[in-house]
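Structural characterization, general
Residues per chain are reported as follows:
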Amino acid sequence: MPSTAPSTTGPPSASNDGPPGPTKLTLPVVLAGVALVAMSISGTAIALPSIGEDLTTSGSPLNWVVAGYNLAFAAMTLVAGAAADRAGRRRVFVAATVLFCAGFLITAVAPAIAVLDFARIVSGIGAAGVMAAGGGLLASGYNGAARNRAFALMGTMAGVGIAAGPTLVGALIALTGWRGSFIVFAVVGVLVAIGGSRLAESRAAGARTDWIGSGLFVVALCAMMFALLEAPELGWGHPAVLGALAFGAVGFAVFAVAQRRSANPVLAPELVAERAFMGWCLATLTTSIGFLGALVFLPTYLQAAAEQSPVTAGLSMLLLTGPVLVAPLVAVTLVNRGVSARLLIMTALACVVVGNMGMIVLSAQHTTALVAAPLLLIGIGMGASFGITDGQAMAQVPARLVGTAPGFLNTLRGAAEALVIAGFGAALLGLLTTRVDDPGRAAEVAAGPLATTDAAQRSAEIDAFTASWRLTQIGVGATCLLLSAAVAVLLFRGQARTVRHQA
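What you see is a predicted model; the values in this text were computed from it and never measured.

Describing the overall build of the protein
A tally of regular secondary structure across the protein gives 16 helices and two strands. Within the span of the protein, comprising 503 residues, buried residues form 57% of the whole. When contacts within the protein are restricted to residue pairs at least 6 apart in sequence, long-range pairs at least 24 apart make up 83% of them. As displayed, the protein has an accessible area near 18900 Å², and 67% of this comes from carbon and sulfur atoms.

Here's what the structure looks like:
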């Protein structure tokens, strides 16, 4: 999900060649771009059933609508930040916004799913540039308390976008159809690009980028994503899947070696040795794992099995996304008043674990009422994590790494989120296939189109869909529980080690 930490490749206040301060448009334009990107991340899932029905598609091609966007966003964030530092943050911000809009326009008129998937990848690349260059514009334009307020507002707008995305897209689909909803996003993006063209330019003097490391990371991540998305249909033993997994594993191994030898690593090895920093990184990954499955895949269940309209499904999703708007401010206020940040994040992780386990009550009847409490718990946990993890993680970083650490955190978060979406979809489809006993039909059910003429078949498909959802959520909850235990070890043992060292 969008992060409030700067994505620049050097210390934000160091050696910027540009004006001494921001223009009056800097903050509103950047915040508008952040909200637009966040809405497109959380809202697109509402459109998936309509896209699948209109283009007669399901399975991995349909999953790439969301996964391709998130993969491009995750893989290109660091590259976009480095490009912004060198070529100019305003220039990259405007160019990225135009690319974002172009992808949405192509999506709106796409005649086939392959074209639409390509357009979504284009939009994801643009979104990465908007977030990275936008963060650079704020970091270079503001100082001290003003910068803290600017990034607090950036985080707030990301929360607004995530919270409003499903509801807004559901309403747009009802008014204009799914194609019209993408056109609306493109039009708003054009306005953001026009505003961005009026901002002051800035660059980072002496910025350096590990292009080899960035390339290795992108290629390895893409290979892993391909394997996870295609395995349910091709089979885990298919040569293409095995080859992609092997290629991705080798790519990440070479990447790790390259990082140790790079003068300007993408993922600094020194940071991995900081237990507390890694604990906070793992905490934000854990809450994301518990949040993203429901965010991306629940809207399809609501519309298919529970027979909710896009508008109603969007409103139901507010139970999950609404707390993300409120909880960050509550969490940071509690920490500022003396509440232990470590205890607070463990409470947030507990909310995510219990919420995901609680999704076992999911049913096609009275769906919203049954899952209201679990969704609220997951949203509260995610929101609390949004409020404190970035700041707490950065507080553990040595001064020499203040420029590298945000990139490390954003890369780790983005890569994990992209893989989570792919893994959740693969698990759900795999479980559904074992129950439907027909991979093609299972993919169609997962995409939303259930049987309409045979009541018995429709009931069986709903039962299979529900059972698969429940098991997937139990798996997610168990994963989050194990990761939460690892977070506790890293945070509390890391703190004890620091105390002993200081003594």
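A closer look at helix α12 (residues 341-358)
The terminal C-alpha atoms of α12 lie 25 Å apart, and with 18 residues this matches the ideal 26 Å at 1.5 Å per residue to within 8%. Within the sequence span of α12, burial applies to Ala341, Leu344, Ile345, Ala348, Leu349, Cys351, Val352, Val353, Gly355 and Asn356. Structurally, the start of α12 carries an N-cap: the backbone nitrogen of Arg342 is 3.4 Å from a side-chain oxygen of Ser340.

Observations regarding the nonpolar core
One broad rule of soluble globular proteins: the nonpolar side chains tend to lie buried together. Val37, Ile51, Met225, Leu298, Phe465 and Trp469 are the most contacted members of the largest nonpolar core, which totals 110 residues. The element contributing the most residues to this core is helix α1 (residues 26-55), with 15 residues. Excluding residues that lie within four positions of it along the chain, Leu298 makes contacts with Gly293, Met317, Met359, Leu362, Leu375 and Trp469. Ala331, Ala341, Ala348 and Val397 belong to the second-largest nonpolar core, a separate cluster that totals 21 residues.

Focus: the side chain of Thr44
Checked against the element boundaries, Thr44 lands in helix α1. The class for Thr44 is buried, based on a relative accessible area of 4%. There is a polar contact of 2.7 Å between the side chain of Thr44 and the backbone oxygen of Ser40. Once residues within four sequence positions are removed from consideration, Thr44 is found in contact with Met39, Val65, Val66, Arg120 and Phe182.

Conventions we followed
Residues numbered from 1 in each chain as written. Predicted model: local features only at pLDDT ≥ 70, side-chain atom pairs only at ≥ 80, totals over all residues. Heavy atoms only, no water. Helix = DSSP H or I, 4+ residues; strand = E, 2+ residues; numbered from the N terminus. Buried < 20%, exposed > 50% of the residue type's maximum accessible area, 1.4 Å probe, protein only. Contact = heavy atoms within 4.5 Å. Areas by Shrake-Rupley, 256 points an atom, 1.4 Å probe, with all protein chains shown as cover. Expected span 1.5 Å × (residues − 1). Polar contact = N/O pair within 3.5 Å; in protein donor to acceptor, adjacent residues only side chain to side chain. Core = buried A, V, L, I, M, F, W, Y, C linked by side-chain atoms within 4.5 Å.

On their own, these measurements won't tell you what the molecule is for.
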